[in-house]
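# Notes for the structure review
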Amino acid sequence: MKKEDIRIGVNRYLKVKYGVTLKDAKEYEIFNALSLTVLEDIIEDWNNTSCTYNEGRCANYFSAEYLMGRALGNNLMNLGLYDEVKEVLSELNIDINKIEEIEEDAGLGNGGLGRLAACFMESSATIDMPLNGYGIRYNNGLFNQNVEEGFQTECEDNWLKYGDPWSIRKEAEAQIIEFADMTVKAIPYDTPIIGYGTKNINTLRLWKCEPMKEFDFILFNNQKYDKSVSLKNRAEDISRVLYPNDSNNEGKLLRLRQQYFLVSASLKDIIRKHKAKVGTDFQNISENNFVQLNDTHPTLAIPEFIRLLVDEEGVSFKDALESAKSFFGYTNHTILAEALEKWNVNLIKKLFPRVLEIIKDIDKELIKELKKKHYIREKIKEFRIIADRQVRMANLAIFVSKAVNGVAKLHTDILKDKELNNWYKLYPEKFQNKTNGITPRRWLRLCNTELSAFITDLLGNEDWVKHLELLKGLKKFENDDVVLEKLMQIKHEKKVQLADYIKQEEGIEIDPNSFFDIQIKRLHEYKRQLLNALYILDLYYRIKEDPTLDIPKTTFIFGAKAFPGYRRAKAIVKFITQIADLIDNDKDVAGKIKVVFVHNYRVSYAQKLFPGSDLSKQISTAGKEASGTGNMKFMLNATPTFGTLDGANVEIVQESGEENNFIFGLKVEDIEKIKDTYDSKKYYEENPSIKRVLDTLIDGTFDDGESGDFEDLYNSLLEEGDQYYLLADFDLFKQEEEKVFATYKDKRNWAKKCFANLYNAGTFSSDRTIQQYCDEIWNIKKTPIK
Ligand SMILES: *Cc1c(COP(=O)(O)O)cnc(C)c1O
């Protein structure tokens, strides 16, 4: 696109959409006009890609969540238009950063699982793979978080307030979705997924739920206004909000409706395309299509697929089940028991009775197979899809899916050896590992242009953006002082930018010359933000005791949303902010360490935090974090990991070397050994540091607003036995952080560790992950358009 075309396009869209000229246009109007200008420019390639994909075999990603973040900057960069647009705007006296910042994040996901889906979509477009994304167009994404008096408060997210210029409503491709008690329309909104350096443009199709008719005319005429629109509201409720749930399962009726709505609309869409292409022969539907289930949330797709084939297309149950067995793959994201999805049989029966019948028939097939293989009754019960009046979604997904995958080596091993060992013994060939990844476009090229330019300079070209393993080519500079110094200079620049942003967003000043120790992720007990907080509190007391304590000036940064109904998680937010206040108000300590809790952690904030970090805190209880992807974002921005041997940390350290990271704490096998005899109270009694920090939870040092929340935290660690082993890992954490501080003194040595993380990060590109899904599960091929 030429500069002149950009200018003309922006002016035209300002005129027809808002009736203004540039000089009167608001930032959001310019954002929309610019986005539409670019969209217009790519429509042909986009349609061409869809048509080309339709001719061959496609994979379809079914996910209840897509944590996309902002689109504009990424799209411009991937199209190679960023600099042109920046110049055009600058000639018009407009700062491109302001236009980028006006865009609301599309926060249609909770955390890692939703962000993974977003990275996968971008990678598949970049490597020209025919992957379609299907999801729900929630009117309100993940809640916005505020911190008031140290307490988390929530308010609705309104990401559509300025419109959504990148999506196109495809009225003609609406589907009708039937529940036992209501019939609704699913309207697709298509968003282009623009790859880097390719003409291919993939599609994310999100469904919005609407009523069959806007209102009841007769009721309205009889002045029953509320009632006349109640059906409309009931329908719109289905795609109204994203459930703010991460790693735990809530058996909400509306969520079950959402799940069915997503899978029924998406499967009908796939079947529509199949019929247009092949006709009514369903023998080979699984030759042309594959569906990947992102966790169990879309698992109703399995019985719904069979229902559609049997009831609407006249296929026999046996054939439909056979087709399903080569049509679906299932990704497991967690081993936390509280996250395993189970739905009450009555709920399913109430909303979609026929789907329940089919689930029962699938269950019968499972039993038949197990009996044939001489499993005894007791054993069969473990596998059952329906048991104790509950439908176990994971069992349904595993039984029917062609492939079951974990998301990091350790996680997959735990699935095979422990959590799903019974299934693994039954179907060893189904189990696979696909270690997660992140897109280097958003998580380096876009968010850290300074480091990117430096890498390009060193390597001589930008090929690394598409082939991240080329970062290995930097290794030859590992002892080059000029390179190491420049790396640390860039890091400092990114820390200054982060400090400015934190000043703007939080009104808090932090020192960019201090060490930035960062823990950012959803708040959960297993992620152990509380352990980090207890460590910092202990450090505070140690500085009080010994003002000469030799540590670098350090800023501890936290960012995390807590599930609104998760009392302990919210108590931890308050505890962290209380520690922050304690330190700020103590002149003996305030110049040495500082704690900041940044509010409303989300993708756009993350893009500022990862590049401005000195240390990546990844301290989950060993065995609990399936993979983590935040850990990879830090690594790619040249930041060493401080972590347990959990999830993908294991592979991160394998790639970049244990000596370049800080690994501490109990390992999975250590926990296995102590778990039956673990006595957290012993640590409290025998370790005065632990006693000192835990007592602050009950002795009035801190204020929890008389909620009793801090005492509850105290009890979780002592009376309830500390199920995440914080106290067992406390001293090990402390020793390792000492090692960090000692190591940081030697700046050159530190720079080498940062650099080693960068040049070894190549394998954590989601391009690699997607290629593995394509080759080993989906069986789809690169399909570049002409
Ligand atoms: C990457 C990312 C996550 C996942 O972080 P983990 O540390 O892997 O849990 C969550 N939220 C946002 C906004 C992210 O960008």
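Note that the coordinates shown come from a computational prediction; the quantities given were computed from them, not determined experimentally.

## Quick look at the overall build of the protein
Counting its secondary structure elements, the protein contains 34 helices and 23 strands. Looking at the protein as a whole, 62% of its 786 residues qualify as buried. Look at the contacts in the protein between residues 6 or more apart in sequence, and 77% of them connect residues 24 or more apart. Accessible area for the protein stands at about 30,300 Å²; split by element, carbon and sulfur atoms hold 48% of it. In the protein, 111 side chains carry a positive charge and 125 a negative one; their mean positions are 4 Å apart.

## Things to note about a nonpolar patch on the surface
A cluster of nonpolar residues, Phe215, Phe217, Ile218, Phe220 and Tyr225, forms a patch on the protein surface that exposes about 540 Å² of accessible area. No other element matches helix H7 (residues 217-221), which puts three residues into the nonpolar patch. Relative to the elements of secondary structure, Phe215 occurs in the loop between strand E10 (201-211) and H7. Classification of Phe215 by relative accessible area gives partly exposed; the value is 35%.

## Comments concerning the site of the ligand
Around the ligand there are 14 residues in total, and Lys521, Lys527, Thr629, Gly630 and Lys633 lie nearest to it. Separating an oxygen atom of the ligand from a side-chain N or O atom of Lys633 is a distance of 2.7 Å. Burial of the ligand by the surrounding chains reaches 96%, relative to a free accessible area of 390 Å². Of all the elements in the fold, those that place two or more residues in the shell around the ligand are helix H25 (603-609) and helix H26 (630-636). Of the residues belonging to the shell around the ligand, the class tally is five nonpolar, five polar and four charged.

## A few points about the sheet that holds strand E14 (residues 386-387)
Spatial ordering of the open sheet is given by E13-E15-E14, a layout of three strands whose pairing is antiparallel. Each edge of the sheet is formed by a strand with only one pairing partner; in this case those strands are strand E13 (342-344) and E14. Pairing between E14 and strand E15 (residues 390-392): two bridges, direction antiparallel. Looking at E15, one finds that Ala387 is bridged to Gln390.

## Focus: the packing of aromatic side chains
Taken as a whole, this structure holds 37 aromatic pairs when the rule is applied. With a centroid separation of 5.6 Å and 80 degrees between ring planes, the pair formed by Phe62 and Tyr134 is classed as edge-to-face. With Phe62 in strand E1 (residues 58-62) and Tyr134 in strand E4 (residues 131-136), this residue pair connects regions lying 72 residues apart in the sequence. Tyr134 carries the same exposure label as Phe62, and that label is buried. Among the aromatic side chains, those forming a connected cluster through ring pairs are Phe515, Phe662, Phe741, Tyr744 and Trp750. The aromatic ring of Tyr427 is capped on one face by Lys430, whose charged end is 4.0 Å from the ring centroid. Against the face of Phe151 rests Lys574, its NZ or CZ located 4.4 Å from the ring centre.

## Describing the environment of Asp670
Turning to its location among the elements, Asp670 is positioned in helix H28 (residues 668-674). With a relative accessible area of 23%, Asp670 lands in the partly exposed category. As for Asp670 and Lys161, which are separated by 509 residues in sequence, their C-alpha atoms are 51 Å apart.

## Here's the deal with the pairing of strand E8 (residues 175-178)
Each regular strand displays side chains that alternate between the two surfaces of the sheet. With burial as the criterion, only one face of E8 is covered, namely that bearing Gln175 and Ile177; the residues Ile176 and Glu178 on the opposite face remain uncovered. As paired strands, E8 and strand E9 (residues 183-194) are joined by four bridges and run antiparallel to one another. Within the sheet, the bridge partner assigned to Glu178 lies in E9 and is Thr183. Hairpin connection between E8 and E9: a loop of four residues separates the two successive antiparallel strands.

## Quick word on the environment of Tyr61
Mapped onto the secondary structure, Tyr61 falls in strand E1. Each C-alpha atom of the pair Tyr61 and Gln390 lies 26 Å from the other, and the pair is 329 residues apart in sequence. If we ignore the near neighbours within four places in the chain, the residues touching Tyr61 are Tyr66, Leu116, Ala117, Phe120, Leu131, Asn132, Gly133, Tyr134, Gln292, Asn294 and Trp778. One polar contact links Tyr61 to Asn294, side chain to side chain, over a distance of 3.1 Å.

## Let's talk about unusual backbone geometry
What is expected of a backbone is that most residues other than glycine have negative phi and most peptide bonds are trans. Despite not being glycine, Asp128 shows a phi value in the positive range, around 60 degrees. Mapped onto the elements, Asp128 comes out in the loop between helix H6 (112-126) and E4. For Asp128, a relative accessible area of 11% translates into the label buried. Although it is not a glycine, Arg389 adopts a positive phi angle of roughly 60 degrees.

## Some words on helix H15 (residues 353-372)
Along its 20 residues, H15 runs 29 Å from first to last C-alpha, staying within 8% of the 28 Å computed at 1.5 Å per residue. Val355, Leu356, Ile358, Ile359, Ile362, Asp363, Leu366, Ile367, Glu369 and Leu370 are the residues of H15 that are buried. Looking one or two residues past H15, His374 carries a phi angle of roughly 65 degrees, positive in sign.

## Digging into the UniProt feature "modified residue: N6-(pyridoxal phosphate)lysine" (unreviewed entry) in the protein
Look at the UniProt record and you will see "modified residue: N6-(pyridoxal phosphate)lysine" (unreviewed entry) annotated at Lys633. Residue placement: Lys633 occurs in helix H26. In this structure Lys633 touches Arg115, Ile438, Trp443 and Phe610, once residues within four positions along its chain are discounted.

## A closer look at the sheet that holds strand E18 (residues 515-520)
Spatial strand order, E20-E19-E18-E21-E22-E23: six strands in an open sheet with parallel pairing. Looking along the sheet, the strands with just one partner apiece sit at the ends: strand E20 (593-598) and strand E23 (662-663). In the sheet, strand E21 (residues 615-618) pairs with strand E22 (residues 641-643) via three bridges, with the strands oriented parallel. What sits directly across from Gln618, in E22, is Gly643.

## Description of the pairing of E21
Going residue by residue along E21, you find Leu615 and Lys617 tucked away on one face and Ser616 and Gln618 tucked away on the opposite face as well. Of the strand pairs in this sheet, E18 and E21 are connected by two bridges, and their pairing is parallel. Along E21, the bridge assignment pairs Asp517 with Leu615. A crossover links E21 with its parallel partner E22, the connecting element being H26, and its sense is right-handed.

## Brief notes about the pattern of salt bridges
Per the stated rule, a full pass over the model turns up 70 salt bridges. Across the salt bridge formed by Asp538 and Arg542, the nearest N and O atoms sit 3.8 Å from each other. Taken together, the positions of Asp538 and Arg542, both in helix H23 (residues 529-545) and four residues apart, correspond to about one turn of that helix. Of the two residues examined, Asp538 and Arg542, each falls in the buried class. Put simply, Lys170, Glu173, Asp190, Arg205, Asp269 and Arg272 are held in one network by salt bridges that share partners.

## Quick word on the packing of helix H24 (residues 567-584) against helix H31 (residues 709-717)
Running from N to C, H24 and H31 cross one another at 110 degrees; their axes reach a closest spacing of 9 Å. When the interaxial angle is binned, H24 and H31 end up roughly perpendicular. Facing Arg567, Arg568, Ala571, Ile572, Lys574, Phe575 and Gln578 of H24, the residues of H31 in contact are Asp709, Phe710, Asp712, Leu713 and Ser716. A per-class count over the contact of H24 with H31 returns five nonpolar, two polar and five charged.

Calculation criteria
- Residues numbered from 1 in each chain as written.
- Predicted model: local features only at pLDDT ≥ 70, side-chain atom pairs only at ≥ 80, totals over all residues.
- Heavy atoms only, no water.
- Helix = DSSP H or I, 4+ residues; strand = E, 2+ residues; numbered from the N terminus.
- Buried < 20%, exposed > 50% of the residue type's maximum accessible area, 1.4 Å probe, protein only.
- Contact = heavy atoms within 4.5 Å.
- Areas by Shrake-Rupley, 256 points an atom, 1.4 Å probe, with all protein chains shown as cover.
- Lys, Arg positive; Asp, Glu negative; His and termini not counted.
- Charge placed at Lys NZ, Arg CZ, Asp CG, Glu CD.
- Patch = residues over 30% accessible without salt bridge, like charges linked within 9 Å, V, L, I, M, F, W, Y side chains within 5 Å.
- Salt bridge = Lys/Arg side-chain N within 4 Å of Asp/Glu carboxyl O.
- Near = heavy atom within 4 Å.
- Polar contact = N/O pair within 3.5 Å; in protein donor to acceptor, adjacent residues only side chain to side chain.
- Nonpolar A, V, L, I, M, F, W, Y, C, P; charged D, E, K, R; others polar.
- Pairing = 2+ DSSP bridges.
- Phe/Tyr/Trp six-rings, centres within 6.5 Å; stacked < 30°, edge-to-face > 60°.
- Lys NZ or Arg CZ within 6 Å of the ring centre and 35° of its normal.
- Expected span 1.5 Å × (residues − 1).
- UniProt positions renumbered as here; feature names shortened; annotations may be inferred.
- Right-handed = clockwise from strand over helix to strand, strands pointing away.
- Axes fitted to C-alpha atoms, helices over the stretch in contact; angles between N-to-C directions.
- Parallel < 35°, antiparallel > 145°, perpendicular 65-115°, else oblique.

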